[in-house]
Amino acid sequence: MGGAAQKTEFEALIFEIGSDLYRFAAGARPSLFDARGLKGRVLTRAIENEKLRAALFRFIDALPHLESAADVASHFRGYLEGHALGGAWNRLLRLGNHALLAPVVRASVGRLARYFLVEESRSAVARALDELRTLPAVASFDVVDEAVLTDAEAERYLQRNLDLLDWQAAAGSKSPHLSVKLTALTPRLDPIDPERSRQRAMKALRKLMPRVLELRACLTLDMEQAELKPLVLETFRELAATYLEPGWMPAIALQAYLPDTQKDLEQLIGFARSNRRRIGVRLVKGAYWDTELAIARQRCWPPPVFEDKAQTDTQYERLTDLLLDHADIVFPAIAGHNVRGLAYAIAGARIRGLPASAWEIQMLHGMAAPLAGAIAHSGVQLRMYLPVGDLISGIAYLVRRLMENMANTSVLRQTYAEGRDLHLLLAPPAASPAGEGRAPANGFVNMPQLDFSRHDLCAGFAHALDVVRGQLGRDHPLAIHGAASAGRFEPAINPADPTEMLGRVEAATEVHAEQAVANARAAFAEWRDVPTAQRVELCLRAAGIMLRRREELAVWQVLEVGKNWREADADVAEAIDYLRYYAREMAALDGWKPTATYPAEIDQLRYESCGVAAIIAPWNFPLALLTGMTAAALVAGNTAIMKPAGPARLVACQLLEILREAGFPPQVCQLLPGNGETVGRRLVEHYDVAIVAFTGSRDVGATILKQTAGLCLGQRQLKRVACEMGGKNAIIVDSDADFDEAVPQTLQSAFGYQGQKCSAASRVIVVGNRHDLFVKRLAEALHAYSYGPPEDPQHVFGPVISAMARQKIESYVEVGRIEGRLFYRGKVPDLGFYVAPAIFTGIEPHHRLAREEIFGPVLAVLRAASFEQALEMALDSDYALTGGVFSRLPAHIELARKRFRVGNLYINRRITGALVAAQPFGGIGHSGTGIQAGGPDYLKQFLWTRVVSENTLRHGYVP
């Protein structure tokens, strides 16, 4: 539309059409806003009370997983007790009658679900189509249910869609219509591996397409999370280019709340024209706004969606114009329930002279039926989007629809529940006042991990692989000032291919350890007196260098310690976080701090450096933990000697290069790759070493604590030990747990990085009678993934670190065969240090598999009769590092908060992947000394406090 006069005229037409729609629709309220009956009274109160609304949604979301009447009653009371539900509901709450409450609640929720869901049966589909014909309207059906985590579930989803096609044809539909989600066609749709993910999706679609073409059905690919958008678009283009049968039109959904959707639409229009291929586009506002923002903030990514609703509305109208302008090659399907948006589309089609057959409006089943009637009455072609599934298990869809309807910004609520002014409802989108972004409570922002849904970042990582491969085979000599070369180089090998030597690192001896300590001791006094601001600046400079070399540093981990792309990048991001966080914390600790305010007396405290720090790091987080411990020592004014683990020496060499480039003096920070039993032991026992920072196994940690407990000849101070050790971590899966969340999160917790994390889940305790179902689904979900060289991004799981580690893990598998039942064993490549993942059932709390740390992909699954018993079993361990709970009952979650005493407790999420500052990490018992890395107290282990008190009173004169 061009020119002010035309714009005014067009706005007048929008208002005229919108007014007609509104008047027609206002004659009848949607059933959702009917206050009659038990359901109506609760929903009416929920609209008015945000806390009640949240409690109601959470209860409804938990309901599908509640099997017994007692469970339904306890959860209903747990979420809704204390809220003013009114009338019969309050009486039911007071009675707590299990026999009466459960069926009433289930029936009410089932009736509510029918507003939005069609039951999955031939007869129900036929009834729905008959009802639509009276509007008149046509349908698009969408199968909803649990998340697809296994190949078998993907096959069931495919068969359900084939059934839906047949049911529509049997009911007389001339053009059946399906909407499908790629994430439901395969359990492995990962943007980090787009080519093979697309192949898997297309393989499933090829099974569906013969029936689609036979019936001349329309197939729409739904858009899902923002990170999947490139993959959905590519798959759609392949689908459209593969099936060129005359009369068949593929379609895709686009979301207006994504800022780059206009570019996507323009490219699709270009694709359609260049291929002379008519396509359909369903334009929606977008259904995952809250989720997209929450996930982006958790990952520290920029928000992928417009944060201002008016921006989405403005783009929606802009995209509507673009679709209508190209209706000759694109069939526009304008989806929505906003009176303004619908009137805008109708007005746009009218001024362009488009016939009703050239475009359509789509609306969701159950969303504003009176408005749908008004659209149909206006002569516009109307298609209703009908989700199909079980009324209770499809509850996640219901919750999403309820949230849309009852939100303060809901147009339906504003129209029917609040009676907004018509001029406001039909006004053009106006930008909201600028809101302030929410920063973390501690003010620290973590380094975002790479978004591998971006092709450029994937290409950059692949290029870094080529670059690093060009650097392999080099020798890395020792650089200990004053010590001669040992001349003995040890090879670093690729655990995915032990025949490949990545490079050689010169091994230090006890002589080098002595010289390194002497160097560090001589450099300490000068380094201690360097202003804190300068030490902070060096740490920040090192963080900047790491950021510049990010992909390269991650690739070294892929090759040397067998991490996949995401795990390796996360390790680099964590290392950067440690440098930045400890620099910030030390800046806050610097200087004299007043302790009291007495007249004529000055009392002050300051933090002082301790001396030489020995940093003994593990191989499983080869850059992050070595960097974290070293950065804490250096920024606090101590000198540091880094003793890396044997399998991760090349990564340690990269860190030394970075610290040197940043400007840390050579004697202040030295690298001492050597044998733990000789070089490591000498560092720990040396009288001039003031601090030992260790992360590793319990046995070695306990030995270090014993070695440092006393005094030796020449020792001038007691040693400090910052010690983090292992875990035997348990996840409790409550009887009401949502398996769509619990299964994939447990899978990642137990088998991520092949279980080689001290935080990994090695025990799962399942409450009640859902044990067998959980284990079966977990095993099937794990089976969908492949093991292989981690430099290939299709492999989520790779090798274990060494032949010795493989042998140890396999010995525990044999123990498990004796103690319990081997429920599942995966398959792995022959070449490399691979261990097939194993899941054992029939394990008891006293079994070795439930008590000893294995450090590999072996999971013991236990049964518990109650949540309380599960807690006792989880706590029955020498370790207390991490733990997890999957539960929807508020009382159980609160009980876990009080009693599940581990260093890091995770509720309804995976138990690995702690973030610096956000989730400071460490445990007690045999897991550590109780001070958490990446937290506000960690630096103090590398400092001592000194107090100066000065009397300023002079012969009665008080200054």
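Quick caveat, the model's predicted, so the values are computed rather than measured.

What counts, and where the lines are drawn
- Residues numbered from 1 in each chain as written.
- Predicted model: local features only at pLDDT ≥ 70, side-chain atom pairs only at ≥ 80, totals over all residues.
- Heavy atoms only, no water.
- Helix = DSSP H or I, 4+ residues; strand = E, 2+ residues; numbered from the N terminus.
- Rg over C-alpha atoms; globule rule 2.2 N^0.38 Å.
- Buried < 20%, exposed > 50% of the residue type's maximum accessible area, 1.4 Å probe, protein only.
- Contact = heavy atoms within 4.5 Å.
- Areas by Shrake-Rupley, 256 points an atom, 1.4 Å probe, with all protein chains shown as cover.
- Phe/Tyr/Trp six-rings, centres within 6.5 Å; stacked < 30°, edge-to-face > 60°.
- Lys NZ or Arg CZ within 6 Å of the ring centre and 35° of its normal.
- Salt bridge = Lys/Arg side-chain N within 4 Å of Asp/Glu carboxyl O.
- Pairing = 2+ DSSP bridges.
- Axes fitted to C-alpha atoms, helices over the stretch in contact; angles between N-to-C directions.
- Arc of directions from axis to C-beta.

Draft legend 1. Seen up close, the overall build of the protein chain. In terms of helices and strands, the protein chain carries 33 helices and 29 strands. Its C-alpha radius of gyration of 32 Å places the protein chain within 12% of the 30 Å reference for a compact globule of 959 residues. Taking the principal axes of its C-alpha atoms as reference, the protein chain extends roughly 95 × 80 × 65 Å. Counting all 959 residues of the protein chain, 57% fall into the buried class. Long-range contacts, defined as pairs at least 24 residues apart, comprise 76% of the intrachain contacts of the protein chain with a sequence gap of at least 6. With an accessible surface of roughly 38200 Å², the protein chain has 53% of that area assigned to carbon and sulfur atoms.

Draft legend 2. Spatial organisation of the packing of aromatic side chains. Inspection of every chain in the model, using the stated rule, returns 17 aromatic pairs. Seen in terms of ring centroids, Phe452 and Trp565 are 5.8 Å apart; in terms of plane orientation they differ by 55°. Their pairing is tilted. Of this pair, Phe452 sits in the loop between helix 19 (422-425) and helix 20 (455-469) while Trp565 sits in helix 24 (residues 565-589), and the two are 113 residues apart along the sequence. Since its relative accessible area comes to 3%, Phe452 is described here as buried. Classification of Trp565 by relative accessible area gives buried; the value is 5%. Judged by centre distance (6.4 Å) and plane angle (70°), the rings of Trp619 and Tyr753 are edge-to-face. Of this pair, Trp619 sits in the loop between strand 15 (612-616) and helix 25 (624-635) while Tyr753 is found in the loop between helix 29 (739-751) and strand 21 (761-767), placing the two residues 134 residues apart along the sequence. Residue classification places Trp619 among the buried positions, given a relative accessible area of 16%. Among the aromatic side chains, those forming a connected cluster through ring pairs are Phe444, Tyr578, Tyr581, Tyr582, Tyr938 and Phe942. A cation over a ring is seen here: Lys563 above Tyr753, with NZ or CZ 4.9 Å from the ring centre.

Draft legend 3. Quick peek at the pattern of salt bridges. Counted by the stated rule, this structure contains 62 salt bridges. A salt bridge links Arg566 to Asp190; the shortest N-O distance between them is 2.6 Å. A residue pair is termed long-range when its members are at least 10 positions apart, and Arg566 in helix 24 and Asp190 in the loop between helix 9 (182-185) and helix 10 (194-214) qualify at 376 residues. Here Arg681 makes a salt bridge to Glu685, at a shortest N to O gap of 3.2 Å. Of this pair, Arg681 and Glu685 are both found in helix 27 (residues 676-685), four residues apart, which corresponds to roughly one turn of the helix.

Draft legend 4. Seen up close, the sheet that holds strand 24 (residues 858-864). Across the sheet, seven strands lie side by side as 22-23-24-21-20-26-27; this open sheet has mixed pairing. On the outer flanks of this sheet lie strand 22 (821-825) and strand 27 (904-907), each paired with one strand and no other. Ignoring which end each strand starts from, the neighbouring axes of this sheet average 20° apart. The strands touched by helix 31 (residues 803-819) are strand 22, strand 23 (838-841) and strand 24; relative to strand 22, the strand with the most contacts, the crossing angle is about 135°. Sitting on the sheet, helix 32 (residues 867-875) touches strand 20 (729-733), strand 21, strand 24 and strand 26 (882-886), and the angle it makes with strand 21 is about 160°.

Draft legend 5. Region of interest: the side chain of His686. For His686, the position within the fold is in the loop between helix 27 and strand 18 (689-695). Beyond its immediate sequence surroundings of up to four residues, His686 is in contact with Glu514, Val517 and Lys719.

Draft legend 6. Summary view of the pairing of strand 11 (residues 489-494). Where strand 11 and strand 12 (residues 497-506) come together, six bridges link them in antiparallel fashion. The residue of strand 12 that forms the bridge with Asn494 is Asp497. Counted between consecutive antiparallel strands, the loop separating strand 11 from strand 12 contains two residues.

Draft legend 7. Examining the environment of Leu953 more closely. Note that Leu953 resides in the segment after strand 29 (943-951). Sequence separation between Leu953 and Ser453 is 500 residues, and the spatial gap between their C-alpha atoms is 68 Å. When residues no more than four places from it in sequence are discounted, the contact partners of Leu953 are Ala600 and Val958.

Draft legend 8. Main features of helix 33 (residues 890-899). Looking only at helix 33, the buried set comprises His892, Ile893 and Ala896. When helix 33 is viewed along its axis, its buried side chains cluster within an angular range of 100° and face the same direction. Every exposed residue of helix 33 that faces more than 90 degrees away from the buried side is listed here: Arg897 and Lys898.

Draft legend 9. Expanded view of the sheet that holds strand 16 (residues 639-643). Read across the sheet, five strands follow the order 17-16-15-18-19 without closing on themselves; strand pairing throughout is parallel. The open sheet terminates on both sides in strands that have one partner only, identified here as strand 17 (669-671) and strand 19 (720-724). Averaged over all pairs of adjacent strands, the angle between strand axes in this sheet comes to 15°, irrespective of strand direction. Examined bridge by bridge, strand 18 and strand 19 share five bridges and lie parallel to one another. Bridging from a neighbouring strand, Ala693 pairs with Ala722 of strand 19. Contacting strand 15, strand 16, strand 17 and strand 18, helix 21 (residues 510-528) runs over the sheet at an angle of about 150° to strand 16.

Draft legend 10. Geometry of unusual backbone geometry. Of note, the bond from Leu135 into Pro136 is cis; its omega dihedral lies within 30 degrees of zero at 5°. Looking at the secondary structure, you find Pro136 in the loop between helix 7 (122-133) and strand 2 (138-143). For Gln754, which is not a glycine, the phi torsion comes out positive at approximately 60°. Along the chain, Gln754 falls in the loop between helix 29 and strand 21. Gln754 sits in the buried class, given a relative accessible area of 2%. The phi torsion at Ala917 lies on the positive side, around 75°, for a residue other than glycine. Its location among the elements puts Ala917 in the loop between strand 27 and strand 28 (924-925). Taking the relative accessible area as the measure of exposure, Ala917 reaches 12% and is therefore buried.

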